[in-house]
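Summary of the model geometry
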Amino acid sequence: MHIAPYDNKNTPIVDADHDLVPLNYFNIVKLKKGETFEYQVPGYETCVVPATGTVDVEVEGMSFPALGNRTVDVWDGEPEGVYVPVGAKVTITCVTDETETFIAGAKYDKVLDPFDVRADELDLVQYGSDDTKTHRKIKHILGQKHHDKVGRLLVSELYTVGQGGWSGFPSHKHDTDRLPDETRHDETYNFRFRPNYGSGVQMLQREDNKPGDAYHIMDGSTIVLDKGYHPCAVLPGYEMYYFTILGGLSQRSLVQYFQPTHAGQIETIPGIKDMIAKFK
C-alpha cells in the first residue's frame, strides 16, 4: 500500500497494530529549536533516527545528547540512532534550528536496554553494479553489529548509487514463517529523492508470473509491505533513498525468499550475497 506524502503533524503514519503491517510502527516528528516531543509505544521497541538536524534524546532518564549530524538532507552525512526498549518513555528535544526525525518500531514482548548508535558504528554494505542497474549502498543502523541487543527490529537506510536503476532486485518476499526458506517480516519504507522533485515506482507482485500492482512514489512517500515480491526503481537522472523498517514475527534475522522466475539473477549482481547476510 502507498501512503502519499502528507503533513502527519507528528502523529504516527503507521501506528501500532496497523491493519496491514501490525509488526511495524513509523512516525515522522518535525520540531523547531527548543521544542520537545514525548512518546511511548507499549508493545513495540523503537529507534530514533534524525533524518536532518540534531536532537537530544532521553530514554527513561538516560541521556543521549547531540544525536544526528545531517543538515540539508539524508545525503548530507551518516545516520545515527538511539534504540528504545519496549514501552519506554522518550523525550526528543531539537537543539538545531529544526529537525525531521524518524521513529521506527517493531512489535516485541521483552524489555532490553537502551543504547545509541553513532556514525562510526554502522554496518555498511555496497553492492551491485552500473552494468546491472542495481548499484546501491545500505547503511544499517540497527544491523548485524547490534543483533544481540535488539529484539525483532531492523533499521536501515538504502541509497541508489548513481542516477537511475533498481533496488530490491532480484524480487523477493518475506511474508511467511517457513524456516529455513523464509521468515515473516513486515516492512515499511519512506522515500526521498535527489533532486526532491524526482520520483520512482514501487512494484508489488503477490504471485510469481501473475500481474501485480505498481505505485508512483515521490519524495516523502511511505510504502507498507505485508506480502509479495517488491522491487522498486528510480527515474534516470535522479537518486533515491529509503528509510527501511523491518519487524520479524518470530526472529530478528531476515530470510528472504527470491522470486523463482528471477532468482538466477543473484549470480549476476556483484556483492549481493554479502548484502543478504547483513540483514541479521
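Residues numbered from 1 in each chain as written. Predicted model: local features only at pLDDT ≥ 70, side-chain atom pairs only at ≥ 80, totals over all residues. Heavy atoms only, no water.

1. Remarks on the sheet that holds strand S20 (residues 232-234)
Our working definition: Only when DSSP finds a minimum of two bridges between them are two strands counted as paired. Counting from the N terminus, the helices are the DSSP runs of H or I reaching at least four residues and the strands are the DSSP runs of E reaching at least two. Here the axes come from fitting lines to C-alpha atoms, over the contacting stretch only for helices, and the angles between their N-to-C directions go from 0 to 180 degrees.
Pairing in this open sheet of four strands is antiparallel, and the strands run S13-S20-S17-S18 from one edge to the other. Taken across any chain shown, the strands that pair with only one partner, and hence form the sheet edges, are strand S13 (165-167) and strand S18 (213-218). This sheet shows a mean twist of 25 degrees between the axes of neighbouring strands, independent of strand direction. Of the strand pairs in this sheet, S13 and S20 are connected by three bridges, and their pairing is antiparallel. Bridge pairing links Gly165 to Val234 in S20.

2. Quick look at the pattern of salt bridges
Short version of the rule: Should a side-chain nitrogen of Lys or Arg be within 4 Å of a carboxyl oxygen of Asp or Glu, the pair is scored as a salt bridge. Relative accessibility decides the category of a residue: with a 1.4 Å probe and only protein chains considered, values under 20% of the type maximum give buried, values over 50% give exposed, and everything between is partly exposed.
Under the criterion given, the structure shown has 15 salt bridges. Across the pair Glu100 and Arg192 runs a salt bridge whose closest N-O atoms are separated by 2.8 Å. Here Arg192 lies in strand S16 (residues 182-194) and Glu100 lies in strand S8 (residues 98-107), a separation of 92 residues in the sequence. Residues Glu100 and Arg192 agree in their burial class; the two are buried. Glu239 is the salt-bridge partner of Arg194, the closest N and O atoms lying 3.0 Å from each other. Placement of Arg194 in strand S16 and of Glu239 in strand S21 (residues 239-248) is noted, with a sequence separation of 45 residues between them. Here the residues in one salt-bridge network are Lys173, Asp175, Arg178 and Glu182, joined through shared partners.

3. A look at the nonpolar core
Note that soluble globular proteins tend to have their nonpolar side chains buried in a common cluster. The condition is simple: Among the buried residues, those of types Ala, Val, Leu, Ile, Met, Phe, Trp, Tyr and Cys that are joined through side-chain atoms within 4.5 Å form a nonpolar core.
Judged by nonpolar contacts, the single largest core of 28 residues is most densely connected at Phe26, Phe102, Ile141, Leu142, Leu153, Val155 and Phe243. If you list the elements that add at least two residues to this core, you get strand S2 (24-32), strand S4 (44-59), S8, strand S9 (115-117), strand S11 (136-142), strand S12 (153-160) and S21. Counting residues in each nonpolar core, the second largest holds 26 residues, with Leu158, Val234, Leu254 and Ile266 among its members.

4. A closer look at the state of the cysteines
Threshold: Any pair of cysteine sulfurs within 2.5 Å is marked as a disulfide.
Going through the model one piece at a time under the given rule, you end up with zero disulfides. With no disulfide of its own, Cys47 has Cys94 as its nearest cysteine by sulfur position, at a separation of 18 Å. A relative accessible area of 2% places Cys94 in the buried class.

5. Side note on the packing of aromatic side chains
Between two aromatic rings, the relevant description is the distance of the centres plus the angle of the planes. We apply this condition: Between rings of Phe, Tyr and Trp, where Trp is taken as its six-membered ring, a pair exists when centres lie within 6.5 Å; planes separated by under 30 degrees are stacked, by over 60 edge-to-face, and by other angles tilted. A ring is considered to have a charge above it if a Lys NZ or an Arg CZ atom is located within 6 Å of its centre and within 35 degrees of its normal.
Per the counting criterion, the structure on display carries 14 aromatic pairs. Consider the rings of Trp75 and Tyr241, whose centres lie 6.2 Å apart with planes at 55 degrees: the pair is tilted. With Trp75 in the loop between strand S5 (62-70) and strand S6 (81-84) and Tyr241 in strand S21, this pair connects stretches of sequence that are 166 residues apart. Across the pair, exposure class does not vary: Trp75 and Tyr241 are buried alike. One aromatic cluster in this structure is built from Tyr189, Phe191, Phe193 and Tyr242. We note Lys139 situated over the ring of Tyr159; from NZ or CZ to the ring centre the distance is 4.7 Å. Note that Lys149 overlies the ring of Phe115, its terminal NZ or CZ placed 4.0 Å from the centroid.

6. Regarding the environment of Arg118
What counts is decided by this rule: Only heavy atoms matter for contacts: two residues are in contact if any of them lie within 4.5 Å across the pair. Under this definition, polar contacts are N or O atom pairs within 3.5 Å; protein pairs additionally need one hydrogen-donor-capable and one acceptor-capable atom, and for neighbouring residues in sequence, both atoms have to be side-chain atoms.
With respect to the helices and strands, Arg118 occurs in the loop between S9 and strand S10 (123-127). Between the alpha carbons of Arg118 and Gly81 there is a distance of 6.7 Å; along the sequence they are 37 residues apart. Apart from the residues within four sequence positions on either side, Arg118 is in contact with Phe64, Pro65, Ala66, Leu67 and Glu80. There is a polar contact of 2.9 Å between the side chain of Arg118 and the backbone oxygen of Ala66. One polar contact links Arg118 to Glu80, side chain to side chain, over a distance of 3.3 Å.

Shape descriptors only; they carry no functional weight alone.
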